[in-house]
Amino acid sequence: MILVTGVNGFVGNKIMQMCKDTVACPSLREVSEDKVKRIVEESGADTIIHTAAISDIGECQANPEASYTANVQIPIYLAKAAKNAKLICFSSDQVYSGAEEEGPYSEDMIKPNNIYAKHKLEMEQRVLDIVPEAVMLRAEWMYDYYLKKTNYFMNIINATEFVCFSSRQYRGITYVKEVAENMEKVIHLPGGAYNFGSETAKSIYEITKEFLNIIGKDIKVEDANPGHNLWMDCEKAKKYGIKFSSAEDGLRKCAGDYNLLH
């Protein structure tokens, strides 16, 4: 049995849809350590997939206390309650947001530069201290045809005149369906942190131009000032059979699933 947190969110919802033998975790907002322990015990789960978080970077900067509770304290409670259950926590590619190298980044090149990223990294370290067998997934910017949360795919679909991305910024983007498809193999990963998602050798500007061509949408792509690269080397996870489409092929797959191919 798999206990999934954050089931009303983007990632948790897709995992609940696609994975077998799942049970939804109640809301973890303002929850005590004892309450988390009871939830885990009563679920009878042998795996916990923790997707719940405050992931908005601006919100975390504005309210670091709430960010710390959601992004560090709750995962620690889960780690203490996990006992023999496999614990999988979603982290973020933002842990590379201050890295001095251009990338792609391997798992040891971490350097966060915002509150959200710092809290995600602290979460990884403290959870692994408690449960060395836990798995930390450094997820990329994920997308789907999804109306409740803004994401790369919907930004492009909804654009009417132009979009702005940099030809000098590199970042993987990942179809959330492939995230859920990989969960069975993720459960068997050895403990530790893993870069997790689609790889690319193209800038987000190039990827966007290619995607617009795939869906036959005629809008302008303006070359924006570059942000920091969030460009990951996912070789470590691939060695254990974790497979994703390239960023470009993932977008094609998503567009095909929703009958949006040109």
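Quick note: structure is the one above.
Definitions and cut-offs
- Residues numbered from 1 in each chain as written.
- Predicted model: local features only at pLDDT ≥ 70, side-chain atom pairs only at ≥ 80, totals over all residues.
- Heavy atoms only, no water.
- Pairing = 2+ DSSP bridges.
- Helix = DSSP H or I, 4+ residues; strand = E, 2+ residues; numbered from the N terminus.
- Axes fitted to C-alpha atoms, helices over the stretch in contact; angles between N-to-C directions.
- Contact = heavy atoms within 4.5 Å.
- Phe/Tyr/Trp six-rings, centres within 6.5 Å; stacked < 30°, edge-to-face > 60°.
- Buried < 20%, exposed > 50% of the residue type's maximum accessible area, 1.4 Å probe, protein only.
- Lys NZ or Arg CZ within 6 Å of the ring centre and 35° of its normal.

(A) Representation of the sheet that holds strand β4 (residues 86–92) within the structure. Spatially, the six strands line up as an open sheet ordered β2-β1-β3-β4-β5-β9, and their pairing is parallel. Either end of the sheet is taken by a strand with one partner, and the two such strands are β2 (22–24) and β9 (192–196). Direction aside, the axes of adjacent strands within the sheet are offset by 25 degrees on average. Taken together, the five bridges between strand β5 (residues 135–139) and β9 define a ladder with parallel strand orientation. By the bridge assignment for β9, Met-136 is matched with Ala-193. Running over the sheet, helix α4 (residues 64–82) touches β1 (2–5), β3 (47–50) and β4 and is turned about 175 degrees from β3.

(B) View of the packing of aromatic side chains. Following the criterion strictly, the structure yields 14 aromatic pairs and no others. Taking the centre distance of 6.0 Å and the plane angle of 10 degrees together, the rings of Tyr-143 and Phe-153 count as stacked. Of this pair, Tyr-143 sits in strand β6 (residues 141–143) while Phe-153 sits in helix α6 (residues 152–158), and the two are ten residues apart along the sequence. For Phe-153, a relative accessible area of 0% translates into the label buried. Aromatic side chains Phe-153 and Phe-211 sit 5.4 Å apart centroid to centroid with 40 degrees between the ring planes, which places their arrangement in the tilted category. Residue Phe-153 is located in helix α6, and its partner Phe-211 is located in helix α9 (residues 204–215); the two are separated by 58 residues in the primary sequence. Using a relative accessible area of 1% as the deciding quantity, one classes Phe-211 as buried. A connected cluster of aromatic rings, assembled from ring pairs, spans Trp-141, Tyr-143, Tyr-145, Tyr-152, Phe-153, Phe-165, Tyr-175, Phe-211 and Tyr-258. If you follow Lys-236 out to its NZ or CZ, it ends over the ring of Tyr-194, 4.5 Å from the centre.

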